[in-house]
Amino acid sequence: MYTTKVFFESMISTLSNPLLLFHLSWSTLLGILVGILPGLTATLGVAILTTLTFGFPPEVAIPMLLCVYVGAIYGGSRTAIVLNIPGTPANAATTVDGFPLARSGMAGFALNVATIMSGIGSIIGAIFIVSLAPALGALALKFGSWEFAILAIFGTIIAGSLTAPKDPLKGWIAGFLGLMIAMIGLDEIVSFPRYTFGNIQLYGGISLLPVLVGVYGVPEILTSLKRVTKAEVVLDFSKSERKLSYLETIKKNALNLVRSGIIGVFIGVIPGVGEDVAAWVAYDAAKRMSKEPEMFGKGSIEGLTAAETANNACVGGAIIPVLTLAVPGSAPAAVLLAAMWIHGIKAGPLLPIQHPEMIGYVAGSFVIATILMVVFGLLVTRLFLKILLVPTEILMPIIFVLCVVGTYVLNGRLFDVWVMLLFGLLGYFMRINDFPAAPFVLGFILGPMADTNIRRALMLKNGDISPFFTRPISLVLIVAIVLIVLSKYLPKKRGEKR
Amino acid sequence: MKDRISASVFIFLGIFFLIGALKMPRITEYGKYGAPGIVPAFFSIMVILLCFFMLVRKQKVSPDISSKSAEVKRAENRRLLLASAMFLAYVFLLGKINFVVLTSIFLSAASMVFLRKRFVLTAAVSLAVTLGIYYLFSRVFLLPLP
């Protein structure tokens, strides 16, 4: 009840504050721009804005970051529809039907449908933040060291399975690499310097932001710059479009909208998985349930609706474990979590006790971000698409400079820039060898949580590991890990082999 | 082959972390279960084990369906090396040369090397963008620049 009250209060206070509204507006536009530009991800957008919002109070900075996040996930649909290139990985499923729609002369209609469905998806996400986060927060209070330790490993393994479905082993390796590298720095129990080699800069460990910018940004920049053949940019909206009612489209897709929204939210809640997986799963579900499955891939409005609703609903879902467990549901949510720490807000099980207003406040800001996204989406994104006419060769070095500057201003030390570059090269190596980045980053984030809680659990029971298997939540997580691993490697039935 | 190389690299990294973990103190003021090397050792063993599975598994070799010609691949590798070298040089020179000067030169050089046309325009855009970044970070948001 309190959360709902704060939810509405935060929306009213934001709408009545012109300066805050101004900051949120340009943040949303920045997010849409980041989303539109292929190669720039929502993660990078949130990371760069995090560095710019250092001087802002948290009640301004957090909504701004949410605006960039929501805007970027949505913005990627623009290029997915017009160019057949997803602006962010979250919009890959959008290309399947968005581009055929654009080719058939319905680019404007497809763009607007994607805007409306993204908006509805975000609202579904906000509803779940308000309703699900307090319940999950209450459950999280029952977590002890055993549950947190297993949760860290569970999150890494499930992220590995879902982001590398063809070869989950690579996803798990990436996850454990992240967990392993997170061990660098002073340990939290006895303050012993681990893997520091006497280097004072390493005592504090490796900061999250350089790792994120490196692993996500640098490989994308390098890949874009090395590409010899470029996509042709055609921005032609002059073709006549079939007049279709948007309201009619929403009505026809009502069930699809709700289903995709719920899928998006629940995939968002799963640690480290993210919007791209949500869009594909919802797209697949829509195709299975559709009366016209043959239209999928040829310009199906249902397909477009499913993908765009799910990826934006997933943003809301990804924020829920950030607030309640301090476990990010996706990569951009990981940066959001880091930004909250930077601004002095310790997300996690104690958040509903220490900052009871935070869940409602975040949900309210999320709705404002959605409203701004829809308004700008319908009014100005066609204009924004013109930025695609700027050659990649000019754009990518600028993005690199922004990555460098954004990393430097975090602590004002060049060491972080070198860390960013090193992890960029590691990220590129992982990318060309088909290792997913998401479980690596999630492992890196969850590493300290796993370390402290595994050792604390062992110390509390003098080395007895049986509580891991006797405590109900811990046992459920262990069973889930075993099932995930077995489901990937058990021999398939004869009929499924082909 | 690609998998074997990456598995070997990560096994090497895992062994490096495992040796580091084994060298850490075994007993602390919180007893042997508070030892800082326990968890790093566990994670590095997991990395080594998983990479070992990847190394020994029988993977069907899929034919190279990449439509890129050898010439395109060579050109891409050349561009990749160039970009990496320019990034490294830029980061190396940060703090040694004035930020505005270095960034303008870096952006102009990168655009000219990769775009190879409209030199004057790209140089002007580079300078304008650098000044924009400088103004935004150091004057508007009052953040330190290298």
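Preceding block: the structure.
So, here's what we can say about the structure. This one's a predicted model, so the numbers in the text were calculated from it and none came from an experiment.

### Remarks on the environment of Glu29(B)
Residues and elements named next belong to chain B.
Piece 1. Position of Glu29 among the secondary structure elements: in the loop between helix 1 (2–22) and helix 2 (38–56).
Piece 2. With a relative accessible area of 65%, Glu29 lands in the exposed category.
Piece 3. When the C-alpha atoms of Glu29 and Leu94 are compared, they prove to be 44 Å apart, with 65 residues separating the residues in sequence.

### So, the environment of Gly119(A)
Piece 1. Within the secondary structure, Gly119(A) sits in helix 5 (residues 92–140).
Piece 2. In sequence terms Gly119(A) and Val190(A) are 71 residues apart; their C-alpha atoms lie 48 Å from each other.

### A few points about helix 13 (residues 331–342) of chain A
Residue and element names in this part refer to chain A.
Piece 1. Over its twelve residues, helix 13 extends 17 Å from the first C-alpha to the last, a length consistent with the 16 Å expected when each residue adds 1.5 Å.
Piece 2. With ten of twelve residues buried, helix 13 is to be regarded as a mostly interior element.
Piece 3. Listed in full, the buried residues belonging to helix 13 are Ala331, Pro332, Ala333, Ala334, Val335, Leu336, Leu337, Ala338, Ala339 and Met340.
Piece 4. A positive backbone phi angle near 80° is found at Gly344, which sits one or two residues after helix 13.

### Some remarks on the interface of chain B and chain A
Piece 1. Each partner contributes to the interface: chain B provides 68 residues, whereas chain A provides 65 residues.
Piece 2. When chain B packs against chain A, close to 5,900 Å² is buried across both sides, 83% of that on carbon and sulfur atoms.
Piece 3. When the buried area of chain B at its contact with chain A is split by residue, Tyr33(B), Phe43(B) and Phe87(B) rank highest and sum to 12% of it.
Piece 4. Linking chain B with chain A are three salt bridges, by the criterion used here.
Piece 5. The partner of Lys170(A) in a salt bridge is Asp3(B), with the nearest N and O atoms 2.7 Å apart.

### Overview of the pattern of salt bridges
Piece 1. Taken as a whole and assessed by the stated rule, the structure comprises eleven salt bridges over all chains.
Piece 2. Note that Arg455(A) and Asp187(A) form a salt bridge whose closest N and O atoms lie 2.6 Å from each other. Of the two residues, Arg455(A) sits in helix 19 (residues 437–460) while Asp187(A) sits in the loop between strand 1 (185–186) and strand 2 (193–194), which places them 268 residues apart along the sequence.
Piece 3. For Arg455(A), a relative accessible area of 0% puts it in the buried group.
Piece 4. Residues participating in the shared-partner salt-bridge network are Asp167(A), Lys170(A), Asp3(B) and Arg57(B).

### Some points on the side chain of Asp416(A)
All names here are of chain A.
Piece 1. Mapped onto the fold, Asp416 is located in helix 18 (residues 414–432).
Piece 2. Among the polar contacts listed, one links the side chain of Asp416 to the side chain of Arg413, at a separation of 3.2 Å.
Piece 3. In this view, Asp416 contacts Ser207, Pro210, Thr407, Leu410 and Asn411; residues no more than four positions away in its chain are not counted.

### Concerning the environment of Asn312(A)
Residues and elements named next belong to chain A.
Piece 1. By the element assignment, Asn312 lies in helix 12 (residues 301–325).
Piece 2. What makes Asn312 buried here is its relative accessible area of 0%.
Piece 3. Asn312 sits 190 residues away from Ser122 along the chain, and the two C-alpha atoms are 5.0 Å apart.
Piece 4. Non-local contacts of Asn312, meaning those with residues more than four positions away in its chain, are made with Val70, Ile73, Tyr74, Ser118, Gly121, Ser122, Phe366 and Met373.
Piece 5. Among the polar contacts listed, one links the side chain of Asn312 to the side chain of Ser122, at a separation of 3.1 Å.

Calculation rules
Residues numbered from 1 in each chain as written. Chains lettered and ligands numbered in written order. Predicted model: local features only at pLDDT ≥ 70, side-chain atom pairs only at ≥ 80, totals over all residues. Heavy atoms only, no water. Helix = DSSP H or I, 4+ residues; strand = E, 2+ residues; numbered from the N terminus. Buried < 20%, exposed > 50% of the residue type's maximum accessible area, 1.4 Å probe, protein only. Expected span 1.5 Å × (residues − 1). Contact = heavy atoms within 4.5 Å. Buried area = accessible area lost by both parts, 1.4 Å probe. Salt bridge = Lys/Arg side-chain N within 4 Å of Asp/Glu carboxyl O. Polar contact = N/O pair within 3.5 Å; in protein donor to acceptor, adjacent residues only side chain to side chain.

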